[in-house]
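# Chains, contacts and geometry: an overview
The residues making up each chain are set out below.
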Amino acid sequence: KRISSGSLLNLRYVPSRNWWAEVTTGIEKESLKSRSNINSASSFCTSRSGFDDFVFSAGHNWFPSEESQIVLYGLGGLPSKRSVTLFDAQDALVGTRFYSLGLGSEFSYSFFNRPKRNLIFVFQNRFLHFFKRSLAPILPADAKVEPGNVTDLLFTLQYRFKTNLFEAGYNSTFFSNQAILLKTREIKSH
């Protein structure tokens, strides 16, 4: 059983209509309870509070027409916590523990934009690469985890009527190049 709560913190700097930069994190509390199962002889309960990973991004907006916008941006993530415990084998509690680097884009088109209502189509995509690292004591000290890449694709249609916003969409996430890298061992016989 997992319970999470928190607040998102975002600081954005917009020096002009076309350029922007921001840093985002969250203050979170996550609790995890596990009962014993066939693979584990004991139950455990743990929780962690603190800052989530810090995500830095910067981008450029283009406005090809009154109805459309294109955004290109780069982003990088810094883990708020690097240490790993045995409880992290169940999943990371507050933060990923990995550094990341990526890029993304967005295209939006407004079919109509009136004071009382508008209809906007949005397509966003993002590619992130997470850098490998040791996860001792979960894995042997000489092993590395290669979390690989994450690709997100988001298609959405937003309809606003006065102060109400209705949104429908589809978000797909693809993971690639994930691995656990173990050192090869040489066993000599006498």
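Before any of the text, the structure's been laid out above.
The text that follows walks through the structure, step by step, so that each part is easy to find.

Scoring rules and cut-offs
Residues numbered from 1 in each chain as written. Predicted model: local features only at pLDDT ≥ 70, side-chain atom pairs only at ≥ 80, totals over all residues. Heavy atoms only, no water. Helix = DSSP H or I, 4+ residues; strand = E, 2+ residues; numbered from the N terminus. Rg over C-alpha atoms; globule rule 2.2 N^0.38 Å. Contact = heavy atoms within 4.5 Å. Patch = residues over 30% accessible without salt bridge, like charges linked within 9 Å, V, L, I, M, F, W, Y side chains within 5 Å. Areas by Shrake-Rupley, 256 points an atom, 1.4 Å probe, with all protein chains shown as cover. Salt bridge = Lys/Arg side-chain N within 4 Å of Asp/Glu carboxyl O. Lys, Arg positive; Asp, Glu negative; His and termini not counted. Charge placed at Lys NZ, Arg CZ, Asp CG, Glu CD. 1 Å grid on protein atoms, 1.4 Å probe; cavity = no way out; pocket = protein on both sides within 12 Å on 5 of 7 lines; lining within 4 Å. Points joined across faces, edges and corners; volume = space filled by probe spheres on them. Nonpolar A, V, L, I, M, F, W, Y, C, P; charged D, E, K, R; others polar. Pairing = 2+ DSSP bridges. Buried < 20%, exposed > 50% of the residue type's maximum accessible area, 1.4 Å probe, protein only.

## Thoughts on the overall build of the protein chain
- Helix and strand counts for the protein chain come out as zero helices and 11 strands.
- Reading the secondary structure of the protein chain in the N-to-C direction produces β-β-β-β-β-β-β-β-β-β-β.
- Over its C-alpha trace the protein chain gives a radius of gyration of 22 Å, far above what one expects of a compact globule, namely 16 Å for 190 residues.
- Each principal axis of the C-alpha distribution contributes one length, and for the protein chain these read about 80 × 35 × 30 Å.
- Sequence-distant contacts, at least 24 apart, represent 56% of the contacts inside the protein chain between residues at least 6 apart.

## Brief notes about a positive patch on the surface
- A cluster of basic residues, Arg-82, Lys-132, Lys-144 and Lys-183, forms a positive patch on the protein surface.
- Residue position: Lys-132 is located in the loop between strand E7 (117–130) and strand E8 (144–146).

## Considering the layout of surface pockets
- Here the largest pocket defines a volume of roughly 740 Å³.
- Counting residues per element, the ones that place at least two in the lining of the largest pocket are strand E2 (19–34), strand E4 (54–62), strand E5 (68–78), strand E6 (100–113), E7 and strand E9 (148–161).
- At seven residues, the largest contribution of residues to the lining of the largest pocket is made by E5.
- Broken down by class, the residue content of the lining of the largest pocket amounts to 12 nonpolar, 12 polar and six charged.

## Concerning the pairing of E7
- Relative to E7, E6 runs antiparallel, the two being bridged by 13 bridges. Within the sheet, the bridge partner assigned to Ser-100 lies in E7 and is Phe-130.
- Linkage of E6 to E7, two consecutive antiparallel strands, is achieved through a turn of three residues.
- Pairing of E7 with E9, which is carried by 14 bridges, proceeds in the antiparallel orientation. When the sheet's bridge partners are listed, Arg-117 is paired in E9 with Phe-161.

## Structural notes on the pattern of salt bridges
- In total, this model carries three salt bridges according to the counting rule given.
- For Glu-30, the salt bridge identified is with Arg-2, shortest N-O distance 2.5 Å. Of this pair, Glu-30 sits in strand E2 while Arg-2 sits in strand E1 (residues 2–13), placing them 28 residues apart in sequence.
- Classification of Glu-30 as buried rests on a relative accessible area of 8%.

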